[in-house]
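Spelled out from the first residue to the last, the chains are:
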Amino acid sequence: MMLKLFAQIESALRMLNVENLVIPSVPELVPMWVNKYGFTHIESNLMTELIKYNTLMFPSAVRLHKSLVTHAAASAATKSDEANKNGTGPVRGKGYEKLAFFDLNLESPKEDDDA
């Protein structure tokens, strides 16, 4: 049941274009996160990027991360971003299509007062 819940949370985060999920873990539970949920120890380049942000860290906790962007999704997102910038097509994601924004600042049509 927990795996299904975690899969749904990951899916929602992917739809929000979250690239990396970083969690703190007690050292005793690191093998569970790595083996069961696919987390890995945080890489040094990601750690230097995290230093820029205000994050909560507990004493003796281990930071783990999981990349939520697959290689195919990353290349598809790059192609769709280029198409969107060029105006050649709609932005497409995993199983959904983003709709174009409507300009709500247009004036409403004026009614004729001749009646």
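Everything in this summary refers to the structure shown in the same document. (Residues numbered from 1 in each chain as written. Predicted model: local features only at pLDDT ≥ 70, side-chain atom pairs only at ≥ 80, totals over all residues. Heavy atoms only, no water.)

1. Considerations on the pairing of strand β3 (residues 62-67)
- When strand β1 (residues 20-25) meets β3, the two strands line up antiparallel, connected through six bridges. Bridge assignment links V22 to a residue of β3, and that residue is H65.
- Inspection of the sheet shows strand β2 (residues 40-41) paired to β3 by two bridges, in the antiparallel sense. In the strand pairing of β3, T40 is matched with H65. (Pairing = 2+ DSSP bridges. Helix = DSSP H or I, 4+ residues; strand = E, 2+ residues; numbered from the N terminus.)

2. Examining the packing of aromatic side chains
- Taken as a whole and assessed by the stated rule, the structure comprises five aromatic pairs.
- Measuring from ring centre to ring centre gives 5.1 Å for W33 and Y37, while their planes differ by 40 degrees; the resulting arrangement is tilted. Here W33 and its partner Y37 are both found in helix α2 (residues 30-37), four residues apart, which amounts to about one turn of the helix.
- With a centroid separation of 5.5 Å and an interplanar angle of 85 degrees, the aromatic rings of W33 and F39 are classed as edge-to-face. For the pair W33 and F39, a shared accessibility class is recorded, and that class is buried.
- Among the aromatic residues, those joined into a ring-pair cluster are F6, W33, Y37 and F39.
- One residue, K66, lies across the ring of F39, its end atom 6.0 Å from the ring centre. (Phe/Tyr/Trp six-rings, centres within 6.5 Å; stacked < 30°, edge-to-face > 60°. Buried < 20%, exposed > 50% of the residue type's maximum accessible area, 1.4 Å probe, protein only. Lys NZ or Arg CZ within 6 Å of the ring centre and 35° of its normal.)

3. A look at the sheet that holds β1
- The antiparallel open sheet is built from three strands, whose spatial order is β1-β3-β2. Unpaired on one side and paired on the other, β1 and β2 mark the two borders of the sheet.
- Against the sheet, α2 contacts β1, β2 and β3, and its axis sits at roughly 5 degrees relative to β3. (Contact = heavy atoms within 4.5 Å. Axes fitted to C-alpha atoms, helices over the stretch in contact; angles between N-to-C directions.)

4. A closer look at a nonpolar patch on the surface
- Judged by side-chain polarity, M2, L5 and I9 come together as a nonpolar surface patch covering roughly 270 Å² of accessible area.
- Note on placement: I9 falls in helix α1 (residues 2-15).
- Judged by its relative accessible area of 39%, I9 is partly exposed. (Patch = residues over 30% accessible without salt bridge, like charges linked within 9 Å, V, L, I, M, F, W, Y side chains within 5 Å. Areas by Shrake-Rupley, 256 points an atom, 1.4 Å probe, with all protein chains shown as cover. Salt bridge = Lys/Arg side-chain N within 4 Å of Asp/Glu carboxyl O.)

5. Some details on the pattern of salt bridges
- According to the stated counting rule, one finds two salt bridges in the structure shown.
- Two residues, R14 and E10, come together in a salt bridge whose shortest N-O distance is 3.6 Å. In this pair, R14 and E10 are both assigned in helix α1, four residues apart and thus about one turn of the helix distant.
- With relative accessibility at 7%, the residue E10 sits in the buried group.
- Between K66 and E10 there is a salt bridge, with the nearest N and O atoms lying 2.5 Å from each other. Residue K66 is found in strand β3, and its partner E10 is found in helix α1; the two are separated by 56 residues along the sequence.
- The network of salt bridges with common partners includes E10, R14 and K66.

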